[in-house]
Every structure is written in structure tokens, then in C-alpha cells.
Amino acid sequence: MITALANPHRFLAFARWAMPAATVAAVLLFAIGLPWGLFYAPAERLQGESVRIIYIHVPAAWWALGVYVFMAGACFVGFVWRHAIADVAAKAAAPIGAVYAGLCLATGSLWAEATWERWWVWDARLTSMLILFLTYLGYLALHAAIEDEERAARIAGVFCMAGLINVPIVHFSVDWWTTQHQGASVFRADGPSIDPSMLWPLLVMALAYAAAFAALLMANMQAEIHRRRVEAAAARRLRAA
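None of the values given here were measured: they were computed from a predicted structure.

Draft legend 1. The environment of L202, seen in detail. Looking at where L202 falls in the secondary structure, it is placed in helix α8 (residues 196–240). Between the C-alpha atoms of L202 and I56, which are 146 residues apart in sequence, the distance is 8.5 Å. Setting aside residues no more than four positions away along its own chain, L202 makes contact with I54, Y55, V58, P59, W62, V186 and I194.

See the structure below:
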């Protein structure tokens, strides 16, 4: 399937029905997950109502990492096999991942103020997530600064793949260093430690973020493919004139 979608014509045909389906899924999942987490899930014993930020903050953190891994994979495919659609996918994913990382930092600051009474600390998790956010911005800046599309994709792709080293640092920072963040409570070898009444709305929100990413990714890719076609057609007309 991945090989088939490497063809722009086949991808556009796939996206014509897959993007609306992902959009509907995202809307439904957010419509279920947001009220469930913000109004119906129980408050936490120590943090009280402020814990409800978890339903926005944690899925944003998960998918800020997940989108970056997707991006780096697409860059690798584009770099090794010269698949133009892979470069398009990486470029299309970057602004979505940047928004997720920015949302994670913003909601994390709100949660820190409510819990630690400080907006920001140079905690290992916070600092590594900030670096991830800046890496997203750096990738986008490289693409914007280099006019040649193929050269921009290769240079930005190398930058993206190099930045992949930060992903395990973000994920394992709470295990490798003493931080103010608590340890993992969902993805644990002995199973989740979070109560099911809070876990289920959290997982629904994680699926909502994933569906939103899929829909936005396909929308961005469609726009990028059409832009490149328009520019290629304009260049052909100039050469023919």
C-alpha cells in the first residue's frame, strides 16, 4: 500500500475519500473525549480539577513525538529512494507536529503553574520538548529558506533525521534524570497505573489527535502536490514562450 501511495495520482485518489473519513473520525472522537475528560472523568486526589489538563496535554505530547518519528521516516524514504511523495509527506507533517509540540508546552506551563506554582522550570522533560519544538521550526525554516525544492528536501531531511536523537531523550527523560515530572503512568511494563476512569477518556483523546493528524496531513499533502503541479506548469509555459 505504501508503494502504491508513493504515486501522486494514486495518493490523491486515496485522499479524496480518506481525508473526509479521518475528519469525521476526529470530530466524533473529540466530541466524545473532550467532554468526557473535562467534565465527567473524576478529579485527581492531590491535583484536584487541574488534572483535567491531562486530556489535552498528554495526547499532544505523545503525538508531538509520534509525528516527528513519522516525519523522520518519510525523510529517510525520500533521501534513500528519492520518493517525492515522501518528501511531501514530511513537509506536510511538520507544521502539525509543531502545533502539537507547542500545545504540549503551553498546556504544560498551565499545569506547572497549577501544580508546581511555577510556569516554567528547566526540567529535563520540558527542556527536551522545547528542543523538539525548535527542531520542528528549524525544519520548516530550512524548507522556506531554500528555493530549490529537491535541495531543500534533502538538507531539511538530513536535519530532521539528525534531530531524531532527541525523541528517546524526551520519552525517557523522566527515567534517566531526576525531574519534577512524574514517571510513566500509561506505557509501563507492568501495565497502566492510571485509573480506568481517567485512562479511557485519555485514550479516546489520543485517537482524536491521531485522526486529526491524518486528516490535516492529507489536506496539507494535497495542497502541496497541487502547488507543485501549478508551479511546474507555469515553468513549462515560460520555457515554451
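Draft legend 2. A look at the nonpolar core. Counting 60 residues, the largest nonpolar core has F11, M71, Y100, M129, Y136, Y139 and M221 as its most contacted members. Where this core is concerned, the elements lending two or more residues are α2 (8–40), α3 (54–81), α4 (84–116), α5 (124–145), α6 (149–163), α7 (166–176) and α8. For this core, the element with the most residues is α4, which contributes 14 residues. If we skip the residues at most four places from it in the chain, M71 touches A90, A93, A94, Y136, Y139 and C160.

Draft legend 3. Fine view of the packing of α3 against α6. Here α3 crosses α6 at 135 degrees, and the two axes come no closer than 9 Å. Viewed along their axes, α3 and α6 adopt a mutual orientation that is oblique. With respect to the hand of their crossing, α3 and α6 are arranged in left-handed fashion. Contact residues: Y68, M71, A72, C75, F76, G78 and F79 in α3; R154, G157, V158, F159, C160, M161 and G163 in α6. Looking at the contact of α3 with α6, its residues break down into 10 nonpolar, three polar and one charged.

Draft legend 4. Broad picture of α3. Here α3 spans 40 Å end to end across 28 residues, near enough to the 40 Å set by a 1.5 Å rise per residue. Looking one or two residues past α3, R82 carries a phi angle of roughly 55 degrees, positive in sign.

Draft legend 5. Examining unusual backbone geometry more closely. Within the chain, R82 stands out as a residue other than glycine whose phi angle is a positive 55 degrees. If you trace the backbone, R82 turns up in the loop between α3 and α4. R82 gets classed as exposed once you look at its relative accessible area, which sits at 52%. Positive phi outside glycine occurs at E117, with the angle close to 65 degrees. The residue E117 is located in the loop between α4 and α5 in this model.

Draft legend 6. Here's a closer look at α6. Look at α6: 21 Å from first C-alpha to last across 15 residues, which is about the 21 Å you get at 1.5 Å a residue. Along α6, the residues that are buried comprise A152, A153, A156, G157, C160 and G163. The buried residues of α6 occupy one face: seen down the axis, they fall within an arc of 125 degrees. Among the exposed residues of α6, those oriented more than 90 degrees off its buried face are R151 and A162. Residues of α6 that are buried sit in contact with α3, α4, α5 and α7.

Draft legend 7. Geometry of a nonpolar patch on the surface. Taken together, I32, W36, F39, Y40 and W200 make up a surface patch of nonpolar side chains, about 650 Å² in accessible area. Mapping W200 onto the fold places it in helix α8.

Draft legend 8. Molecular detail of the pattern of salt bridges. Applying the stated rule across the entire model yields nine salt bridges. The shortest N-O distance in the salt bridge between E49 and R52 comes to 2.5 Å. One salt bridge connects E231 with R227, and the closest N-O pair in it is separated by 2.7 Å. A residue pair is termed a helical-turn pair when its members lie 3 or 4 positions apart in one helix, as E231 and R227 do in helix α8 at four residues. On the basis of relative accessibility, which here comes to 43%, the residue E231 falls in the partly exposed class. Salt bridges sharing common partners tie together K91, E149, E224, R227, R228 and E231.

Draft legend 9. Just the side chain of R52, in detail. Within the fold, R52 resides in the loop between α2 and α3. Other than its neighbours up to four places away in sequence, R52 contacts G37, L38, F39, Y40, A41, P42 and A43.

Draft legend 10. Local environment of the packing of aromatic side chains. Going through the model one piece at a time under the given rule, you end up with eight aromatic pairs. Taking the centre distance of 5.2 Å and the plane angle of 80 degrees together, the rings of F14 and W17 count as edge-to-face. Of the two residues, F14 and W17 are both situated in helix α2; the distance of three residues between them amounts to about one turn of the helix. Arranged with centres 5.7 Å apart and planes meeting at 55 degrees, the rings of F30 and Y209 form a pair that is tilted. Note that F30 is positioned in helix α2 and Y209 in helix α8, a separation of 179 residues in sequence. Of the residues examined, F30 reaches a relative accessible area of 25% and is grouped as partly exposed. Residue Y209 is classed as buried on the basis of its relative accessible area of 4%. An aromatic cluster is present here, built from F30, Y100 and Y209 joined pairwise through their rings. The side chain of R154 reaches across the aromatic face of F79, ending 4.3 Å from its centre.

Criteria and cut-off values
Residues numbered from 1 in each chain as written. Predicted model: local features only at pLDDT ≥ 70, side-chain atom pairs only at ≥ 80, totals over all residues. Heavy atoms only, no water. Helix = DSSP H or I, 4+ residues; strand = E, 2+ residues; numbered from the N terminus. Contact = heavy atoms within 4.5 Å. Core = buried A, V, L, I, M, F, W, Y, C linked by side-chain atoms within 4.5 Å. Buried < 20%, exposed > 50% of the residue type's maximum accessible area, 1.4 Å probe, protein only. Axes fitted to C-alpha atoms, helices over the stretch in contact; angles between N-to-C directions. Parallel < 35°, antiparallel > 145°, perpendicular 65-115°, else oblique. Left-handed = near helix turned anticlockwise from the far one by under 90°. Nonpolar A, V, L, I, M, F, W, Y, C, P; charged D, E, K, R; others polar. Expected span 1.5 Å × (residues − 1). Arc of directions from axis to C-beta. Patch = residues over 30% accessible without salt bridge, like charges linked within 9 Å, V, L, I, M, F, W, Y side chains within 5 Å. Areas by Shrake-Rupley, 256 points an atom, 1.4 Å probe, with all protein chains shown as cover. Salt bridge = Lys/Arg side-chain N within 4 Å of Asp/Glu carboxyl O. Phe/Tyr/Trp six-rings, centres within 6.5 Å; stacked < 30°, edge-to-face > 60°. Lys NZ or Arg CZ within 6 Å of the ring centre and 35° of its normal.

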